[in-house]
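Now for the letters of each chain:
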Amino acid sequence: MKQISSVQNPFIKSLVLLQEKAKNRKQTGTFLMEGQREITLALKGGYILETVLFYPEICTEIEAKKIAPNTALIEINKEVFQKLAYRDTTEGILAVAKTKSMQLTDLKLSDNPLILIAEAPEKPGNIGALLRTADAANLDAVIIANPKSDLYNPNIVRSSVGCLFTNQIASGTTDEIISYLKKQQINFYCATLQNSTSYHTQDYTTPTALVVGTEATGLTQEWRDAATQNIIIPMQGEIDSMNVSVAAAILIFEAKRQRGF
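Residues numbered from 1 in each chain as written. Predicted model: local features only at pLDDT ≥ 70, side-chain atom pairs only at ≥ 80, totals over all residues. Heavy atoms only, no water.

Among the secondary structure elements, Arg25 is positioned in helix α2 (residues 22–28). Residue class for Arg25 comes out buried when judged on its relative accessible area of 5%. If near-sequence neighbours (up to four positions away) are discounted, Arg25 is found in contact with Leu18, Gln19, Glu20, Thr30, Phe31, Asp150, Tyr152, Asn153 and Pro154. (Helix = DSSP H or I, 4+ residues; strand = E, 2+ residues; numbered from the N terminus. Buried < 20%, exposed > 50% of the residue type's maximum accessible area, 1.4 Å probe, protein only. Contact = heavy atoms within 4.5 Å.)

Taking strand neighbours across the sheet as the criterion, the five strands line up as β1-β4-β3-β5-β2 in an open arrangement whose pairing is mixed. Of all strands in the sheet, those with a lone pairing partner are β1 (2–4) and β2 (30–34), marking the two edges. Within this sheet the neighbouring strands show an average axis-to-axis angle of 25°, counted without direction. Sitting on the sheet, helix α1 (residues 10–20) is in contact with β1, β2, β3 (49–54), β4 (72–76) and β5 (93–98), with an inclination near 90° to β2. (Pairing = 2+ DSSP bridges. Axes fitted to C-alpha atoms, helices over the stretch in contact; angles between N-to-C directions.)

Now for the packing of helix α6 (residues 124–136) against helix α11 (residues 244–258). Look at α6 against α11: their axes get within 9 Å of each other, and the N-to-C directions meet at 15°. Classified by the interaxial angle, the pair formed by α6 and α11 is roughly parallel. Between α6 and α11 lies a crossing whose hand is right-handed. Where α6 abuts α11, its residues Asn126, Ala129, Leu130, Thr133 and Ala136 lie against Val244, Ser245, Ala248, Ala249, Ile252 and Phe253. (Parallel < 35°, antiparallel > 145°, perpendicular 65-115°, else oblique. Left-handed = near helix turned anticlockwise from the far one by under 90°.)

Time to look at unusual backbone geometry. Notably, Val161 is not glycine yet its phi reads approximately 40°, a positive angle. Tracing the sequence through the fold places Val161 in the loop between α7 (154–159) and α8 (163–166). Phi at Asn195 takes a positive value of approximately 50°, unusual for a residue other than glycine. Mapping Asn195 onto the fold places it in the loop between β9 (187–191) and β10 (197–198). Exposure remark for Asn195: the relative accessible area of 71% places this residue in the exposed category.

Any link to function would need more than the numbers given here.
Here's what the structure looks like:
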């Protein structure tokens, strides 16, 4: 089995760049993930692992083989592990995996889909929280309109606690997504302050997409004009908006409630 004990090793340097640079992830079509749960969920989600690196004082060779069978293993020492690990509690195992295509045409929807769309989310923590909510509700898909961040950013992988791998995810421009929804005959409800009606008055039991924007600027005019209906969560305090992941959860579970789940 191959062993690497130097942070100056060219392969280790390339993995550091995968962590730090979206350009490198795009060029190589790979990304670095860490943690047993993340690797397990990635395999369950159909991701292909190229290499697994393990630090034997935390994760033994036997454990690494059990987590990721039929994958090339590399034993690393403490120095290399600490160089690559993005967080403190990584359970001694990391993996290089191939990225997936995130085209709208790749989505496989049910006969009565429920989809979450987020326009231009910027904060990795919010994106991770949206993906966790989508997983909890077992949505058909999450679509990112006009993405600002590479979804394989380690902060997103980390904040989603592996839900990046358990959801169907696609991205595209606002125009592309609106055209896709109309072609698929999916009604879409846009959460916005302008020209809106209370969210709980709408029927989400037919094919539905729920659309949320950024907390700072909300949804663009294009979404508001094209919506089946603009909706709002009534606010009773002094502020007029809430965290985007919280708002999305409220809308999603109202739709789930209407659908009898």
